[in-house]
Every structure is written in structure tokens, then in C-alpha cells.
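Coordinate analysis (summary)
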Amino acid sequence: MKAAPPCVLTINGGSSSIRFAVYESGEKLRLGGMIGRIGLKGTNLSVTHAPGARPVPLPHAATNHRKAADFLLEWLNSQPGFSDVKAVGHRVVQGMNHSEPERVTRKLLADLRRLTSYDPDHLPLEIELIESISRKHPKLPQVACFDTAFHRGMPMVAKLLPLPRRYFAKGIERYGFHGISYTFLMEELRRLDPAAAQGRVILAHLGNGASMAAVRRGKSLDTSMGFTSTSGLVMSTRSGDLDPGLVYFLSRTEKMTAKKFQQMVNHDSGLLGVSGTSSDVRDLSASEATDARAGEALDLFCYQARKWIGSFAAVLGGLDTLVFSAGIGENSPLIRQRICQGLGFLGVSINDARNAKNAPVISLHSGRVKVRVIRTNEELMIARSVARVLHLS
Ligand code: AMP
């Protein structure tokens, strides 16, 4: 009988969800899904058994991450073929100076524990997920894939924040995020057009979290997110860059605490804050004809994105390829068109028919800049990284 192919389990723990996938070697998706709304009413485990298949919801009561992780591991364990899983890969949002995916060891875990104050919203949960798996499957090797790693080689001038120098020594600098997605997008671009991947590229990861990276010869030169993932572009509920003077102003006039400010700029701002109705581009596109604030929110999102493209073209000394990706970048012709409007001076021009179809290349043949839509796949990138680190065949 043919031996079952080795599989990799990928885990992507967010603040209220855990996404997972099982890939066979050869990059075939065997199983995928997520536990959503952890700690809230209606939390469930939804599972898909094939790409594009309808998810099957399984109700459970995950009142916190630990219970959700335990439930997920029990369920996975009970699935036929779970013994084919030979390794686990985790998305770790903040990796500070780690510049490559790494096998989880006691030393790495101790290091991550030391870093939790730099990302208290994600790192403790991610560490807990790694530890839950170690407890249940102590022999299973685990690999940490850092969202910051892609940007670790950025030049000093992109990393420095203009604060008193002593804070740089304490690790306060631009890290940038979405690195797993950017690594995947660059691998795809290399496969599609190796010469373009060596050129001047702007990657636009536009999902609920949104950021851009300026990439030349495959290396990140700059990125819009900074010390935290709140900064840079306008996002679904995050403000992106703001005037730092607001902190003192709001503390005086509204008695706003640092905690409340943090809540506001992460959860109540961006598209949701400006529109006052929704954080979702689909809702806002549907309502902008009758709701001026929905239109203003979308305009602000696109205007800021265009400004970042302009500034990154300056960083790169010109532009050869612009890549749109993630929920908004892959699915919204309207937003892509509105962002690219006015970028003709850079050589960006969109073919409306191809843009409307979310085609892989949406620029005019005559345009100097090739504009692409590439579907990102962070789960697959994690599985690939695990296979590389552990030399799985
Ligand atoms: P992500 O974080 O990558 O899953 O992106 C989620 C966001 O993508 C949603 O909140 C929507 O704003 C946006 N989105 C998803 N599908 C569409 C679509 N068909 N048209 C416009 N926006 C979309």
C-alpha cells in the first residue's frame, strides 16, 4: 500500500479567531477552517474539506482561546488521517529580530515570552496555542513564521522612528507586518514573471488590516505599518497614521485614557469610524449613492492608499509592478480603480474590463506599470515554510 503523504497543520491565531489548515506535501489542501467569535455568543468551528467547498459549522462553547484551542485539537485528533500530520506551523505576528521562520524550541518560546509586552494582543495567545499543541502532541515539531520577518532587512532609515534615540535601543522601531502574505506574493510574482520580481514592486495587502510594502530586488525597503499594526493606511476599523498631538488633546478635552485611545484607533476608527455605519467595503460601496459618509470613507481609504503608492514609488526610484491582494485588493474593482485614478503620471493605467473581472493583470498593455491581482495565501506560505525548515518531502 502507498504510504500516506506527510501533512502540515497551519495555525493562525487572531484576537477572536483561530484559522487552521492541513496541507499534504505537494501543497494540496486537505482540510481548512476556523473557530470564530471566540468568547462571544454563536462561536463555532467551521470546516471546509476542499478548496471552495461550503463550510460546515460545528457549534461549541469556546469561552476563551485555551478552550477553543483544546476543542480544535480534540476535533482534529478525531479526524481520520490526523496521524499523517507530521508538523505544525504558526503565524506569529511580532518576531522582533527573527528574520526567518524557526523551529520552536524552549529557547525560542522563552524569547517570545520576553517579547509579549511588544504585542500583548497577539503574542500571549500565539504562545498559548504553541503550548497547547506541545502538551497534547509533545513529539510534533512546530515552526514559528513571523509576520515581521519579511521586513527585517529594511534599511536603517526606514526602521528609525523620529523619537529620542534611547527608545530605539529599547526596540521601538518600524517592524512592519503582513510579511507572510508578502513572502507568498513575491514567490508568486517570481513564478509568474521572474524579471518583474527583481524590479521595483509595490505590494498592497488590502484586507481588514491593510498595508503596503516597497520591494526592490525581492527585498523590503519600506512598509506602511510601523511599531504596531495600527499605523500606515486607513483600515477597516484601524485609523492608520495620525497626528501624535491628538493623544494629549483628547486626554485634556475628553479625559481619554491611553487604553481608550488604543481601543478607538484600533476598533472604532478607519472605514467604520468615518462612515459611522460599516467597516466592510461591500456595505459601503452599496450605500454610498445614498449615504455621503459612506462615500467619504471610501474616498479617504483610496486617497491615502494613492498617497502611499506615490511615496513608495519615490522610495523605489520609480515603479514596475503594482500588486493588489487580500479581501479588498482581490475582490473590489471599484477600490482598485479609485486608488489608481490619478496615478497615470507614474505609468499606472487600468483596463476597465479586466479590472471588473478581477483578472490576474488589470493594467493596459500600453501602461508602463504592470498592475496585478494576486490571491494571497498565508496558510499555504506557512505550510511551505514548515516543509523548508524541517526538510519534509
Ligand atoms: P480580509 O481581511 O483579507 O479577509 O478582507 C476582508 C475585507 O475584504 C472585508 O471586510 C471587505 O471589506 C473586503 N471584501 C471581501 N470581499 C469583497 C468583495 N467581493 N468586494 C469588496 N470588498 C470585499
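Since the model is a prediction, treat every value here as computed from it, not as a measurement. (Residues numbered from 1 in each chain as written. Predicted model: local features only at pLDDT ≥ 70, side-chain atom pairs only at ≥ 80, totals over all residues. Heavy atoms only, no water.)

Time to look at the site of the ligand. The ligand sits among Gly207, Asn208, Asp280, Val281, Arg282, Ala326, Gly327, Ile328, Asn331 and Ser332. Take Asp280: an N or O atom from its side chain is 3.3 Å from an oxygen atom of the ligand. Gly327 is positioned with one of its backbone polar atoms (N or O) 2.9 Å from an oxygen atom of the ligand. Relative to its free-state accessible area of 500 Å², the ligand is covered by the protein chains to the extent of 72%. Elements represented by at least two residues in the shell around the ligand include exactly helix H11 (281–287) and helix H13 (326–331). Here the shell around the ligand takes 4 residues from H13, the largest share from any one element. Of the residues assigned to the shell around the ligand, the class counts are 3 nonpolar, 5 polar and 2 charged. (Near = heavy atom within 4 Å. Polar contact = N/O pair within 3.5 Å; in protein donor to acceptor, adjacent residues only side chain to side chain. Areas by Shrake-Rupley, 256 points an atom, 1.4 Å probe, with all protein chains shown as cover. Helix = DSSP H or I, 4+ residues; strand = E, 2+ residues; numbered from the N terminus. Nonpolar A, V, L, I, M, F, W, Y, C, P; charged D, E, K, R; others polar.)

Next up on the list: the packing of aromatic side chains. Scanning all chains against the criterion turns up 5 aromatic pairs. Both rings, one in Tyr118 and one in Phe227, keep their centres 6.1 Å apart while their planes meet at 70°; by these two values the pair is edge-to-face. Within this pair, whereas Tyr118 is found in the loop between helix H2 (106–114) and helix H3 (123–136), its partner Phe227 is found in the loop between strand E11 (219–223) and helix H8 (245–253), the two being separated by 109 residues in sequence. Classification of Tyr118 as partly exposed rests on a relative accessible area of 22%. For Phe227, a relative accessible area of 24% puts it in the partly exposed group. Seen in terms of ring centroids, Trp308 and Phe312 are 5.4 Å apart; in terms of plane orientation they differ by 65°. Their pairing is edge-to-face. Taken together, the residues Trp308 and Phe312, both in helix H12 (residues 292–316) and 4 residues apart, mark about one turn of the helix. (Phe/Tyr/Trp six-rings, centres within 6.5 Å; stacked < 30°, edge-to-face > 60°. Buried < 20%, exposed > 50% of the residue type's maximum accessible area, 1.4 Å probe, protein only.)

Strand order across the open sheet formed by 8 strands is E5-E4-E3-E2-E1-E6-E8-E7, with mixed pairing between neighbours. Each edge of the open sheet is held by one strand with a lone partner, namely strand E5 (56–59) and strand E7 (102–103). In terms of strand pairing, strand E2 (residues 18–24) meets strand E3 (residues 28–36) through 7 bridges, oriented antiparallel. Within E3, the residue paired with Tyr23 across the bridge is Leu29. Sheet contacts for H3: strand E1 (7–13), E2, strand E6 (85–92) and strand E8 (142–146); angle to E6, the most-contacted strand, approximately 170°. Contacts between helix H16 (residues 378–390) and the sheet are confined to E1, E2, E6, E7 and E8, with E6 contributing the most and set at about 120° to the helix. (Pairing = 2+ DSSP bridges. Contact = heavy atoms within 4.5 Å. Axes fitted to C-alpha atoms, helices over the stretch in contact; angles between N-to-C directions.)

In short, shape yes, function no, at least from these values alone.
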